[in-house]
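So the chains spell out like this:
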Amino acid sequence: MRVPPDATSRPGLCSTYCRQLLEPLEGSAIVASGWVVLEQPGPWGADAVVNSHLDPEFGSRFDAECKKVDVRFGLIRTPGRHSFPANHAQQVYVASTVPGKTFLLSAHVTDPETLSGLDLGAVARGDRAAVNASLPGLVPVHESIMLVCTNGKRDECCAILGRPLVNALATAAPGRVWEASHLGGHRFSPTAVLLPSGTMHGHLNAKTALDVLAASDIGDTLLTGLRGRTTWTKRGQAAEIAVRQQTGELSLDALTVAGEDLESVTVWHRDGRSWTVPVTSAPADPPRPESCGKEPFAMSILKAGTPVLVPSAVR
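Source: prediction; values computed, not measured.

**Q** How would you explain the packing of aromatic side chains if you had to name every residue and give the values?
**A** In this structure the tally under the stated criterion is 3 aromatic pairs. For the ring pair Phe62 and Phe73, a centre distance of 4.9 Å and an interplane angle of 85° mean the geometry is edge-to-face. Here Phe73 lies in strand β2 (residues 71-77) and Phe62 lies in helix α2 (residues 56-68), a separation of 11 residues in the sequence. Among the aromatic residues, those joined into a ring-pair cluster are Phe58, Phe62 and Phe73. Geometry around Trp44 places Arg77 over its ring, the cationic atom sitting 3.8 Å from the centre.

Following this line, the structure appears as structure tokens:
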């Protein structure tokens, strides 16, 4: 199943402006070193963690605790019908995106309040042992999962473009694809995040999404629609992708964003090489809407220059 071609160019959608203006995707991913996502069937409002069947007091409190330690909290649901059977045990995934400490764990909870005991700081720093100790019942997940934003109450692009995609993927990769609440960057719809890597992609279709999922199975990432790895700052995301584009390096953990200053970002390769990548920000020209229904404005857009190999780092 493919996203209908007319849907990707429907007038007035923020994603249509994005495609027509050839807006770069690099450096547009959110920033989070860890993720906690909870299955929550039923309808979602614009802010799903407080506008759903999830207890809003818990959702607000847990979301705030996650944000304090750079962990992203969101809701997921199985593609298709969103009924909530009685006594349904809710799936939860816990992921660390820290290179060298990346993991994906899973459990079922009968009461979301159970998550209050989760050591979120350990999630953020990739301390798997501490995470396991804080939430009994967690088990390792050995295949990546893909979350596709379908939160139409947040932005209609995510419903119009995200839902056909997630339905197609659910058939092709059963059990590995979930509908997700807001992932940021509606204008890049259909947009998705891969866990545990934390790589985000935009403008996906069924083929490219399955290619991304398959690459993850061998420890690679793909440049197709790559917005960045949430582990890094937005400038770091843009710089890392620039190095991948120049070198053709696809191994996920081969590159590390080692530091940045006001003008450039340093990216290291595990073989000892390093690059300095100039990254600049400029107002979008022409202005464009960030979300459907919003007025166009000159948002800041990142641009990574040509990576420069540091001579002293060459073996």
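**Q** Any details on helix α6 (residues 162-172)? Residues and values, ideally.
**A** Those residues of α6 lying buried are Gly162, Pro164, Leu165, Val166, Ala168 and Leu169. Against β6 (145-149), α5 (156-160), β7 (177-180) and α7 (206-216) lie the buried residues of α6.

**Q** Any chance you could break down the environment of Asn132 for me, citing the residues and the numbers?
**A** Residue position: Asn132 is located in helix α4 (residues 128-134). Overall, the relative accessible area of 27% leaves Asn132 in the partly exposed class. Separated by 32 residues in the primary sequence, Asn132 and Gly100 have C-alpha atoms spaced 17 Å apart.

**Q** Outline the sheet that holds strand β5 (residues 139-140), supporting the account with residue identities and numerical values.
**A** The strands making up a sheet associate through backbone hydrogen bonding, with each pair oriented either parallel or antiparallel. The 10 strands lie next to each other as β5-β4-β3-β1-β2-β7-β6-β8-β9-β10, forming an open sheet whose pairing is mixed. At either margin of the open sheet sits one strand with a lone partner, and together these are β5 and β10 (226-229). As paired strands, strand β1 (residues 34-39) and strand β3 (residues 90-96) are joined by 5 bridges and run antiparallel to one another. By the bridge assignment for β3, Trp35 is matched with Ala95. In the packing of α6 onto the sheet, contacts are made with β2, β6 and β7, and the angle to β6 comes to roughly 155°.

**Q** I'd like to hear about the environment of Arg229, residue by residue, with values.
**A** Tracing the backbone through its elements, the reader meets Arg229 in strand β10. Distance from Arg229 to Ala242, taken between C-alpha atoms, is 13 Å for residues 13 residues apart in sequence. Leave out the neighbours within four places in its chain, and Arg229 touches Thr97, Pro99, Thr102, Ser197, Gly198, Thr199, Gln237, Glu240, Leu252 and Asp253.

**Q** How would you explain α2 if you had to name every residue and give the values?
**A** For α2, with 13 residues, the first-to-last C-alpha span of 18 Å sits near the 18 Å given by 1.5 Å per residue. Taken residue by residue, α2 has Phe58, Gly59, Phe62, Asp63 and Cys66 as its buried positions. Along α2, the residues classed as buried sweep out an arc of 120° about the axis, all on the same side. When the buried face of α2 is taken as reference, the exposed residues oriented beyond 90 degrees from it are Lys67 and Lys68. For α2, the secondary structure elements touched by its buried residues are β1, β2 and α3 (120-125). In the stretch just after α2, Asp70 is the one whose phi turns positive, near 70°.

Reading guide: rules and limits
- Residues numbered from 1 in each chain as written.
- Predicted model: local features only at pLDDT ≥ 70, side-chain atom pairs only at ≥ 80, totals over all residues.
- Heavy atoms only, no water.
- Phe/Tyr/Trp six-rings, centres within 6.5 Å; stacked < 30°, edge-to-face > 60°.
- Helix = DSSP H or I, 4+ residues; strand = E, 2+ residues; numbered from the N terminus.
- Lys NZ or Arg CZ within 6 Å of the ring centre and 35° of its normal.
- Buried < 20%, exposed > 50% of the residue type's maximum accessible area, 1.4 Å probe, protein only.
- Contact = heavy atoms within 4.5 Å.
- Pairing = 2+ DSSP bridges.
- Axes fitted to C-alpha atoms, helices over the stretch in contact; angles between N-to-C directions.
- Expected span 1.5 Å × (residues − 1).
- Arc of directions from axis to C-beta.

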